[in-house]
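One letter stands for each residue in the lines below.
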Amino acid sequence: MATHVKDTPAMTIVSTGTKTDTSGSPLQIPSVAAKKLDKSKPDIEHAFVEDDPRLWSEARKTAILLIISGASMIAGLCDNIQNSANAQIEQQLHASSGQISLSVSLFILVQGNFPVLWSAVSEIKGRKLVYLTSVLLFALGSAFVAVSNSMGLMIGMRVLQAIGSSAVVAIGAATLADIYDPHQRGTKMGIYYCAPLLGPSLGPIIGGVLTQVLSWRATFWFLVIWGGIMFSAFLFLFKDTFRRARSLTYQNILRRKQQLCFSDAKMLDGRKRVNEESLKDIEIQQYIATGGDEDITLSFADVNPFPPYVNIWRRKNNLAILISSGLLYGFASSIAYTCARTLALYYDYDALKTGLVLLSFGIGSMLGSILGGLWSDRTLARLKADNGGLSFPEMRLESTKVAMWGLPPAVIGYAWVCQEHVHIAAICAMLFSTGFFSIWIYSSTLAYIVDSNTGRSSTAVAANSSIRGTSAFVAVEVAVPLQDAIGDGGLYTTWAGLMLLVELLILLVLYKGKQWREASVEKERQLSTCTL
């Protein structure tokens, strides 16, 4: 028989046996010898691709990092920039406090859960299209809010804003995974996450200044301008980092569609079926998934975001880390919301002064993100060297132990300085400490979520965004009733207990996560084999 060589985007497969498909073209089946030669085949994250984003210059990578960081600030600003203008909005649009609360809560809920759809589309059509579409929707939503004359229209357009601002939350981290190797991601994630962390602190300041000098509508025109700048940056300066051969979601969809086309063709032609045992071979699955995709085009109709999303949640290691991430973000949302209320009620601070106090939480968070990311990469490198040059994602979580000692005491300290209404300097110090320790831990968990879900990083980050948004929604909704009932002291002592739970879950993943993850991967591989 003739020997055939087939080059695919993900690997090279040598075949020494040939069968024909229904069109009479040779169907290449890797032989046992070919499998033996393929032992050095890279995993999907390191599959061979043209114009490899990880080989781009540092200048280009840094430009991409800055662009997505700037875009991610949109999400942080939108959460809080309205707060300074709420009194004026309520007066001019004749709104109730319930309607104002709904405009904020719905925004948080939609922004947290819509990334599931954005991530699925980005795994088929690439990152750039999603960025451009979402930022355009955000800018349009902001413009409509700025000209709104009723609360109904404003709430509806705030939802559109949330949809548009949510994309970068999901695929920003995935974009960094596209261009950086695991040993670099902790530092880069820390830098990237500074922007959305500063957003909640800068939002009240920017909103307060614009509302006092101009009007509440100026805050949303500011967002329109920022959205326009980011749209231009993505259009002219951003090069798509997505590569189909490195996307497990894309390859799974492609494999199913190719099998369907192959089965239909066989039924129509009536030719002899290919040996079933050969089709079940895992090497053939990989070949089908990566070869011949130039003849098949995937469309939006092929996108079902929920199976890969469910697969993320099925893994025990993911479940534990996602719960931890959600609680950390819920805590950050609660403290920003209730602190503003405490400062207004007991310190008689206006929106601008409140924003300046909350800036201490943002600065602490920013430093925790940068330093935590650096320490995360350093810890991973050290443990990798100690392990003979081999690493696994759970090693990164070792870096969180440093901050675990400080987080619960800092939260309890904040609880009681607020409860006793002490000098504002003490509140600023506790805000800085809680932000620093909580985000030190969070930056490592975010990098772990990306590292431990090879080939489906955007879906994993979308799952993280979903639980973050849901947790923040619940935290904000229950914050005021609990604050009124048990005070800041009781509320944040409770949060200190939840932070202990977060730390226990992370330690559980640190010591058991590798075993859980490998068992899940093997189970998914077996299920995939059985369906072929």
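Residues numbered from 1 in each chain as written. Predicted model: local features only at pLDDT ≥ 70, side-chain atom pairs only at ≥ 80, totals over all residues. Heavy atoms only, no water.

A. Summary view of the overall build of the protein chain. Scanning the protein chain for helices and strands turns up 19 helices and four strands. A burial count over the protein chain gives 56% of its 532 residues as buried. Looking at the protein chain alone, contacts between residues at least 24 apart form 82% of all its contacts between residues at least 6 apart. (Helix = DSSP H or I, 4+ residues; strand = E, 2+ residues; numbered from the N terminus. Buried < 20%, exposed > 50% of the residue type's maximum accessible area, 1.4 Å probe, protein only. Contact = heavy atoms within 4.5 Å.)

B. Representation of the pattern of salt bridges in the model. Scanning the entire structure with this criterion turns up six salt bridges. Across the pair aspartate 377 and arginine 396 runs a salt bridge whose closest N-O atoms are separated by 3.0 Å. Of this pair, aspartate 377 sits in helix H15 (residues 351-386) while arginine 396 sits in the loop between H15 and helix H16 (401-404); the two residues are 19 residues apart in sequence, bridging distant segments of the chain. Pair check on accessibility: aspartate 377 and arginine 396 agree, each one buried. (Salt bridge = Lys/Arg side-chain N within 4 Å of Asp/Glu carboxyl O.)

C. Here's a closer look at the nonpolar core. Core analysis: the biggest nonpolar cluster contains 112 residues, and Phe234, Ile427, Tyr492 and Met499 have the highest contact counts within it. Looking at this core, the element that brings in the most residues is helix H19 (residues 457-530), giving 18 residues. Not counting the four nearest positions on each side in its chain, tyrosine 492 is found in contact with Phe331, Ser334, Ile335, Thr338, Val411, Tyr414 and Ala415. (Core = buried A, V, L, I, M, F, W, Y, C linked by side-chain atoms within 4.5 Å.)

D. Geometry of the packing of aromatic side chains. Within this structure, the stated rule accounts for 12 aromatic pairs. The interplanar angle of 65° and the centroid separation of 6.1 Å between the aromatic rings of tyrosine 347 and tyrosine 349 together place this pair among those described as edge-to-face. A residue is classified by how much of its surface remains accessible, and tyrosine 347, at 16% relative accessible area, is buried. Between phenylalanine 436 and tryptophan 440, the ring centres sit 5.7 Å apart and the planes meet at 55°, which makes this aromatic pair tilted. Of the two residues, phenylalanine 436 and tryptophan 440 both sit in helix H18 (residues 424-451), four residues apart, roughly one turn of that helix. (Phe/Tyr/Trp six-rings, centres within 6.5 Å; stacked < 30°, edge-to-face > 60°.)

E. How the structure looks around helix H14 (residues 316-346). The first and last C-alpha atoms of H14 sit 44 Å apart over 31 residues, in line with the 45 Å expected at 1.5 Å per residue. With 22 of 31 residues buried, H14 is to be regarded as a mostly interior element. (Expected span 1.5 Å × (residues − 1).)

F. Broad picture of the confidence of the model for the protein chain. Per-residue confidence for the protein chain gives a mean pLDDT of 75, with 75% of residues at or over 70. The element-level mean pLDDT for the protein chain is lowest in helix H1 (residues 32-37), coming to 37, with helix H17 (residues 407-419) highest at 92. Overall, residues 1-41 carries pLDDT values under 50, and its contacts beyond four positions in sequence, including any with other chains, amount to 78 contacts. In the model, residues 271-296 has pLDDT below 50 throughout and makes 61 contacts with residues more than four positions away in sequence or in other chains. (pLDDT = per-residue confidence, 0-100.)

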